[in-house]
Every structure is written in C-alpha cells, then in structure tokens.
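A closer look at the structure
Chain by chain, the residues run as shown.
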Amino acid sequence: MAAWERVKANKGAFGVDEESIKDFESNLKGNLYKVWNRMSSGTYFPPPVRAVEIPKSDGQKRLLGIPTVSDRVAQTVVKSYLEPIVEPKFHDDSYGYRPKKSALDAVGVARERCWRKDWCIDLDIKGFFDNLDHELMMKAIRFHTDEKWMHLYIERWLKAPLQGKDGELIKREKGTPQGGVVSPLLANIFMHHTFDDWMKRRFPEVRFERFADDILAHCSTLKQAEKVLEEIRTRLRECGLELHPGKTKIVYCKDEDRDGSYEHESFDFLGYTFRPRLSKNKHGKNFVNFTPAISNKAANRIRKEIRSWKLHLRSDKDLSDLARMFNAYVQGWVNYYGRYYKSAMYPFLRNIERFLIRWVMRKYKRFQGHKRRAKNWLGGVRKREPRLFVHWRLGLGSPAG
C-alpha cells in the first residue's frame, strides 16, 4: 500500500496494458493483492516495458521504457527495501536520484572546485542506460544483499523486453530502461562500484561530482588530467562502458588569475554552462571568474516553450488567468537556472513581456497598432500589482507610462 501511494503521487503514463493510475485504483485491493501474492510466492513476472521515443536536443532520440502501473508498484516495493541498504554506502559526491541531494548541489560544488583546481575533465558516457552490463549489475546487487527474492525480481526487470508501437518485443541482453522506478537506483549501484569507489581508491586526491552518468573530475595540472582520463577510459571499458569520444574533454578553468589558453575553456553540466564570465566582487569591482550560468541549450528550450504558449493569441483570458496558467513554469526555471548568475536568464524572460504587450494590443481595440501605449498600460498594471507575474518580481516588466 505504501508503494502504491508513492506510485500514485508520481503519476505517470500507462504501460503496455494501457491501464491508467485511475483504472488501477478502481479495483485497488484486488490489484494490490495480486501483486503481493505473486511477489511473495516467487511467481511475479514483469510484463514487457512500453517503449517510447523522446527527442533529444541534438536531434537524436532517447528510448524510454514505461512499466505498467502494477509493475511500478512492484519495483517500488523492491526499491523501498534496497535503498536503505545501499544509500549509506554511496559516495558523498554522487548526487543523482538520492534523498536530500540535488542537481543544484552538484552544480554548486563543481563551481567551488573549478575555482580551486585549474583543470576539469568533462566525462560523457556513451549510452549508459542502454549498455549497463547485466552480469556485473547482479554481482553488485548480490554484494549488497543476500535476499534471494530481490535478486530474482531485479534480474527479471533487467531482462524484461521492450514493446514497440507495433507490438513487436525487443529482447534485452544489457541495459536498464530509463523510466523504470528501480532503474535510477540500479544505475547508482552500478556506478558506485564502477566509478565512485574505484576513484576513491585509485585517485583519492581527485574530487568529482557525478549525477547519474554526468561526471566532472577536477585536477591540478594538465598532465594529471590526461593520466586520470586515460585510466577512467580503461576502467569504464573493463565494465562494459565507453566514453563518448566527441563529448568527453579536458577543460581549462580559465579566470583572471590563470594565464594562457587551451583548446577547451567551457563545458556544460546539468543545464549550466561553465566558462569565464565577467563578475563583480563585493566592492563592486569587475573581474573574470570561471562560473556557471544557464546553458544555451536550456535557454533555447525555454524560449521554444514560451513561444508555444502563444500568449499574444489568448485574448479570451485576462492577465490574472495568464499569470495563473504560466507562473509555475517560470518560477521553476527561476528556482533552478537562477541559482547561479541569474542575469543570464533575463533576455529570454523578457520575451514573456513582449508577448504580453502583443496580447494587450490584440485584446483592447484602443491599443491596436500602439505598442508604446500598450506597454505603458501594462506598466501601470505592474505598478499596481508588482507580484502578478514572476518576471515582474525580478524587475523585468514594462515601466509605468
């Protein structure tokens, strides 16, 4: 029942049986009894996972695997037993999908370490979730728990086939589908043994941040970075993984106090671009600082999202309706991308104001063709209700006429 409550709270789409959360809940006792009965007797076999293609920013597609609702309940049961066993053993610098740790924590720690160390290795693992070795994965699970029932079901989940749109079943010999409840935990266990624990033993002086398969490692010299990168490449190969040759690179964290230049002086990490930027110290003096701000990729995605709202065409709504419809999105972006170098967000947030001015000109006949007057009118509303829109709270609205 506890597992069901978590699955329900997370919502999510239906699996291959097309049974929704609502459908499952309509016969909750019967459905939960069925899962419990089969799991407790060793006869639970997970159904195929529904394959869904999600477009990536580079034009390629990522394959997600969506389990059925009942299978998500079963996976949540195993996760609730396994997570408390492995969580205390995980490395402090593993941030992905862990209680009380976040992507922003990883970005903040990376920023501090880039200030201290001149060189950073930006590691990109090629198709991590698709290539995870089943045999090594099960070896790691058996290392952490003797519970045979957990071994049984985790192995079955690893091997459960993907089902495409046409109903064709795709057999899986390796990998764990992104989208499964237990997949992030399995990924962390695998990478704990493959990378985190190995780094701690092999290079105790090299600090790193890992969020799932996104990894940064900090070095004092270029020579050290080259040596560490080569050994990481060999280690991952031994564990069935490969570094992406075009995306993995050594970066010089250039700033005011670091002379010279290098082929790579920036990298992207968790939606932020780290590079030399003009900053101000507490005395108001400008200096060059190697620091993160929202990446172009993330900013373009947000611009596209704002355009898709078609704010200027929603003349059937009033301003409070528009604020209610879209403020949550904007606040989410500000909370995440505004943590570091917030001003880098301002240009695309100003787009919202431009669309609102066009909305005023379309909604009220007296402002048609009068952009300045529409802008002044909107500025007047902002003066009366300065907190109506999130971007107004940041001072990005039109001034009162």
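Scope of this entry: the structure provided in the associated data block.

Once that is clear, we can look at empty space enclosed by the protein. Counted under the stated rule, the structure contains two cavities of 30 Å³ or more. For the largest cavity, the calculated volume is near 80 Å³. Of all elements in the fold, only α4 (69–86), α8 (148–159) and α9 (183–202) reach the threshold of two or more residues within the lining of the largest cavity. A breakdown of the residues in the lining of the largest cavity according to their chemical character gives seven nonpolar, five polar and one charged. Counting only elements with at least two residues in the lining of the second largest cavity, the list comes to α12 (319–337) and α15 (390–393). The leading source of residues in the lining of the second largest cavity is α12, at four residues. Here the residues of the lining of the second largest cavity are counted per class, giving eight nonpolar, two polar and no charged.

Turning next to the packing of aromatic side chains. Enumeration according to the criterion identifies 26 aromatic pairs in this entry. Between tyrosine 97 and phenylalanine 211 the ring centres are 5.6 Å apart and the planes differ by 50 degrees, which places this aromatic pair in the tilted class. Separated by 114 residues along the polypeptide, tyrosine 97 in the loop between α4 and α5 (103–116) and phenylalanine 211 in strand β6 (residues 208–211) bring together distant segments of the chain. Exposure remark for tyrosine 97: the relative accessible area of 46% places this residue in the partly exposed category. With 5.9 Å between their ring centres and 70 degrees between their planes, tyrosine 272 and tyrosine 340 make a pair best called edge-to-face. One end of the pair, tyrosine 272, is in strand β10 (residues 272–280); the other, tyrosine 340, is in the loop between α12 and α13 (346–363), with 68 residues separating them in the sequence. Here a set of aromatic residues connected by ring pairs shows up, and it is made of Tyr272, Tyr336, Tyr337 and Tyr340. The residue whose ring lies beneath arginine 202 is phenylalanine 203, and the NZ or CZ to ring-centre distance is 4.7 Å. Arginine 277 extends its terminal NZ or CZ atom over the ring of tyrosine 341, reaching a point 5.5 Å from the ring centre.

Attention now moves to the layout of surface pockets. By volume, the largest pocket is sized at about 1,600 Å³. Contributing to the lining of the largest pocket are 49 residues, with Lys56, Arg62, Asp124, Asp214 and Lys247 lying nearest its centre. Among the secondary structure elements, those contributing two or more residues to the lining of the largest pocket are β2 (61–66), β3 (119–124), α6 (128–131), β7 (214–219), β9 (267–269), α11 (296–309) and α12. The element that contributes the greatest number of residues to the lining of the largest pocket is β2, accounting for five residues. Here the residues of the lining of the largest pocket are counted per class, giving 19 nonpolar, 13 polar and 17 charged. Estimates place the volume of the second largest pocket at around 320 Å³. Forming the walls of the second largest pocket are 16 residues, and the residues nearest its centre are Tyr97, Gly179, Gly180, Val181 and Pro184.

Another point: the packing of helix α7 (residues 134–144) against α8. In the contact formed by α7 and α8, the axes pass within 11 Å of each other and the chain directions differ by 160 degrees. On the basis of their axis angle, the class for α7 and α8 is roughly antiparallel. The interaxial crossing formed by α7 with α8 has right-handed handedness. Across the interface between the two elements, His134, Met137, Met138, Ile141 and Arg142 of α7 pack against His151, Ile154, Glu155, Leu158 and Lys159 of α8. For the contact of α7 with α8, the class distribution of residues is five nonpolar, two polar and three charged.

So, on to the pattern of salt bridges. Pairing is possible between side chains that carry opposite charge, provided their charged atoms lie close to one another. Under the defined criterion, the tally for this structure stands at 17 salt bridges. For arginine 201, the salt bridge goes to aspartate 197, with nearest N and O atoms at 3.2 Å. In this pair, arginine 201 and aspartate 197 both sit in helix α9, four residues apart, roughly one turn of the helix. Across the pair aspartate 316 and lysine 317 runs a salt bridge, and its minimum N-O distance is 3.8 Å. The class of aspartate 316 is exposed, set by a relative accessible area of 60%. By relative accessible area, which is 26% here, lysine 317 ends up partly exposed. Taken together, the shared-partner salt bridges in this structure form one network comprising Asp93, Arg113, Arg207 and Glu209.

Here is what the cut-offs are and how they apply
Residues numbered from 1 in each chain as written. Predicted model: local features only at pLDDT ≥ 70, side-chain atom pairs only at ≥ 80, totals over all residues. Heavy atoms only, no water. 1 Å grid on protein atoms, 1.4 Å probe; cavity = no way out; pocket = protein on both sides within 12 Å on 5 of 7 lines; lining within 4 Å. Points joined across faces, edges and corners; volume = space filled by probe spheres on them. Helix = DSSP H or I, 4+ residues; strand = E, 2+ residues; numbered from the N terminus. Nonpolar A, V, L, I, M, F, W, Y, C, P; charged D, E, K, R; others polar. Phe/Tyr/Trp six-rings, centres within 6.5 Å; stacked < 30°, edge-to-face > 60°. Buried < 20%, exposed > 50% of the residue type's maximum accessible area, 1.4 Å probe, protein only. Lys NZ or Arg CZ within 6 Å of the ring centre and 35° of its normal. Axes fitted to C-alpha atoms, helices over the stretch in contact; angles between N-to-C directions. Parallel < 35°, antiparallel > 145°, perpendicular 65-115°, else oblique. Left-handed = near helix turned anticlockwise from the far one by under 90°. Contact = heavy atoms within 4.5 Å. Salt bridge = Lys/Arg side-chain N within 4 Å of Asp/Glu carboxyl O.

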